[in-house]
Amino acid sequence: MSKLVTIFGGSGFVGRYIARRMAKEGWRVRVACRRPNEALFVKPYGVPGQVEPLACNIRDDDSVRAMIHGADAVVNCVGVLNGIGANTFDAVQAEGAGRIARLAAAAGVETLVHVSAIGADAGSDSDYARSKGEGEAAVLTAFPTAVILRPSVIFGTEDRFFNRFAAMSRMGPILPVVGAGTRFQPVYVDDVAQAAVKAVLGQAAPGIYELGGPEVDNFRGLMGRMLHVVQRRRAVVNIPFFLARIMGFGFDMVQAVTLGLIENRMLSRDQVKNLRRDNVVAPGARGFSDLGITPTAMEAVLPEYLWCYRPSGQYAAIKDSAKNLRKA
């Protein structure tokens, strides 16, 4: 019988790519997620019955234990950008990560891969970064041979980074950003998935790997690249941090007053704290080269999914070609 991998958050942005790759490797894939009825798209990744989405609550021991039962490997991709309701940063990224590692070790799972983030730091003033750091510590305490992946900002068809700002570029002549000088090292989602699969297959030594793409640029520069792809001219305007904190407070209060019915998807105070810090691979850190992976450049991927934000959409290339004909 083929081996079984349980992927917590396997229907999410990163998890779905890992699930697809594991299915191609011939493994049975158990996708543990909150809403399996909304994750049916993972089933065609393999032959009938090979990939199955199942309901799981990582805040509950029994639920996590049931998902781990019989698994040869476990991958944890669960994370939140905005703690809301019971799914706080601590509950998901610290306690949840530790719970998965502890129960995986107790079940005798051979391999554990934990997807964290660059900037994870248990001493950070950001709840996101702190909980990520505490989660890593909990994972290594319970499962010392775990492989921890720390990607920079991740891009790909379903991302919430370039897609979000490309959509904003359609709304007016100004594109506001917070932390225009903050540096990032964007990494392609399928490269992160490839790293996770190598770890599951035993092709990566235990420990922490920081994953960044081949290019480092600041926020303003990344927006310039995106605007070039979507063929729009916009003024990238930096919002000062003091003003961003006020805006974040307002959006957070709306979420709190409505008890989460109106989720803050704009800007939180915690995100402002993170935007003060560069998000790049640390000097000397293990990364893609240690895994034998050549990271993908942004220019090779962004046009494949950002074309829909161009003024002419899918007809942009045809119109450009027609202009050349008229000149000839």
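Look a little higher up for the structure.
Structure report, in brief.

Let's talk about the environment of Asn87
Working step 1: Here Asn87 is to be found in the loop between strand S4 (73–76) and helix H3 (89–106).
Working step 2: Judged by relative accessible area, which is 16%, Asn87 ranks as buried.
Working step 3: Linking Asn87 and Asn57, residues 30 residues apart in sequence, is a C-alpha distance of 10.0 Å.

Re the pattern of salt bridges
Working step 1: One pass over the structure, following the stated rule, counts 18 salt bridges.
Working step 2: Note that Asp61 and Arg99 form a salt bridge whose closest N and O atoms lie 2.6 Å from each other. Of the two residues, Asp61 sits in helix H2 (residues 61–68) while Arg99 sits in helix H3, which places them 38 residues apart along the sequence.
Working step 3: The exposure class of Asp61 is partly exposed, given its relative accessible area of 24%.
Working step 4: We classify Arg99 as buried; its relative accessible area is 14%.
Working step 5: Residue Glu215 is joined to Arg225 by a salt bridge in which the shortest nitrogen-to-oxygen separation is 3.3 Å. With Glu215 in the loop between strand S11 (207–211) and strand S12 (217–218) and Arg225 in helix H7 (residues 219–230), the pair connects residues that are ten residues apart, well separated along the chain.
Working step 6: Via salt bridges that share partners, Asp90, Asp127, Arg130 and Glu134 belong to a single interconnected network.

A short note on the packing of aromatic side chains
For any pair of aromatic rings, the description rests on two quantities: the centre-to-centre distance and the angle between the ring planes.
Working step 1: Evaluated as defined, the whole model comprises ten aromatic pairs.
Working step 2: Taking the centre distance of 6.1 Å and the plane angle of 45° together, the rings of Phe161 and Phe184 count as tilted. Placement of the pair is Phe161 in the loop between strand S7 (154–155) and helix H5 (162–168) and Phe184 in strand S9 (residues 183–184), with a sequence separation of 23 residues.
Working step 3: Residue Phe161 is classed as buried on the basis of its relative accessible area of 11%.
Working step 4: A residue is classified by how much of its surface remains accessible, and Phe184, at 8% relative accessible area, is buried.
Working step 5: Residues Phe184 and Phe219 carry aromatic rings whose centres are separated by 5.6 Å and whose planes lie at 75° to one another, so their mutual orientation is edge-to-face. Residue Phe184 is located in strand S9, and its partner Phe219 is located in helix H7; the two are separated by 35 residues in the primary sequence.

Some details on a nonpolar patch on the surface
Working step 1: On the surface, Phe242, Leu243, Ile246 and Met247 cluster together into a nonpolar patch covering about 370 Å² of accessible area.
Working step 2: The topology assignment puts Met247 in helix H8 (residues 241–257).
Working step 3: Exposure remark for Met247: the relative accessible area of 30% places this residue in the partly exposed category.

Things to note about H8
Working step 1: Between its terminal C-alpha atoms H8 stretches 24 Å, which fits the 24 Å expected from 17 residues at 1.5 Å a residue.
Working step 2: Of all the residues in H8, the buried ones are Ala244, Gly248, Asp252 and Gln255. Viewed along the axis of H8, the buried residues span an arc of 70°, placing them on a single side of the element. Every exposed residue of H8 that faces more than 90 degrees away from the buried side is listed here: Phe242, Ile246 and Val257.
Working step 3: Residues of H8 that are buried in the fold lie against strand S8 (174–178), strand S13 (235–239) and helix H9 (269–274).

Examining the nonpolar core
Working step 1: Membership of the largest hydrophobic core comes to 70 residues, with the highest contact counts inside it found for Ile18, Val29, Phe162, Met223, Met226 and Leu306.
Working step 2: When residues of this core are assigned to their parent elements, the largest contribution, eight residues, is made by helix H6 (residues 189–200).
Working step 3: The next biggest cluster of nonpolar side chains, apart from the first, holds 25 residues, and it includes Val80, Ala97, Phe143 and Ala146.

Describing the environment of Leu4
Working step 1: Position of Leu4 among the secondary structure elements: in strand S1 (residues 4–8).
Working step 2: Classification of Leu4 by relative accessible area gives buried; the value is 6%.
Working step 3: Every residue in contact with Leu4, bar those within four places of it in the chain, is listed here: Trp27, Arg28, Val29, Arg30, His69, Gly70, Ala71, Asp72 and Ala73.

Re the sheet that holds strand S3 (residues 51–55)
Working step 1: Taken together, the seven strands give an open sheet; going across it, the order is S3-S2-S1-S4-S5-S6-S11, and neighbouring strands pair in parallel fashion. The sheet is open, and its two borders are formed by S3 and S11, each paired with just one other strand. The average angle at which neighbouring strand axes cross in this sheet is 20°, direction not considered.
Working step 2: Both S1 and strand S2 (residues 28–33) contribute to a ladder of five bridges, which runs parallel. Looking at the pairing, Val5 lines up with Val29 of S2.
Working step 3: Running at roughly 145° to S1, H2 makes contact with S1, S2, S3 and S4 of the sheet.
Working step 4: Here helix H4 (residues 127–142) sits on the sheet in contact with strand S5 (111–115), strand S6 (147–151) and S11, set at roughly 175° to S5.

Some remarks on unusual backbone geometry
Working step 1: Here Gln231, not a glycine, exhibits a phi torsion of approximately 60°, which is positive.
Working step 2: One can find Gln231 in the loop between H7 and S13.

Scoring rules and cut-offs
Residues numbered from 1 in each chain as written. Predicted model: local features only at pLDDT ≥ 70, side-chain atom pairs only at ≥ 80, totals over all residues. Heavy atoms only, no water. Helix = DSSP H or I, 4+ residues; strand = E, 2+ residues; numbered from the N terminus. Buried < 20%, exposed > 50% of the residue type's maximum accessible area, 1.4 Å probe, protein only. Salt bridge = Lys/Arg side-chain N within 4 Å of Asp/Glu carboxyl O. Phe/Tyr/Trp six-rings, centres within 6.5 Å; stacked < 30°, edge-to-face > 60°. Patch = residues over 30% accessible without salt bridge, like charges linked within 9 Å, V, L, I, M, F, W, Y side chains within 5 Å. Areas by Shrake-Rupley, 256 points an atom, 1.4 Å probe, with all protein chains shown as cover. Expected span 1.5 Å × (residues − 1). Arc of directions from axis to C-beta. Contact = heavy atoms within 4.5 Å. Core = buried A, V, L, I, M, F, W, Y, C linked by side-chain atoms within 4.5 Å. Pairing = 2+ DSSP bridges. Axes fitted to C-alpha atoms, helices over the stretch in contact; angles between N-to-C directions.

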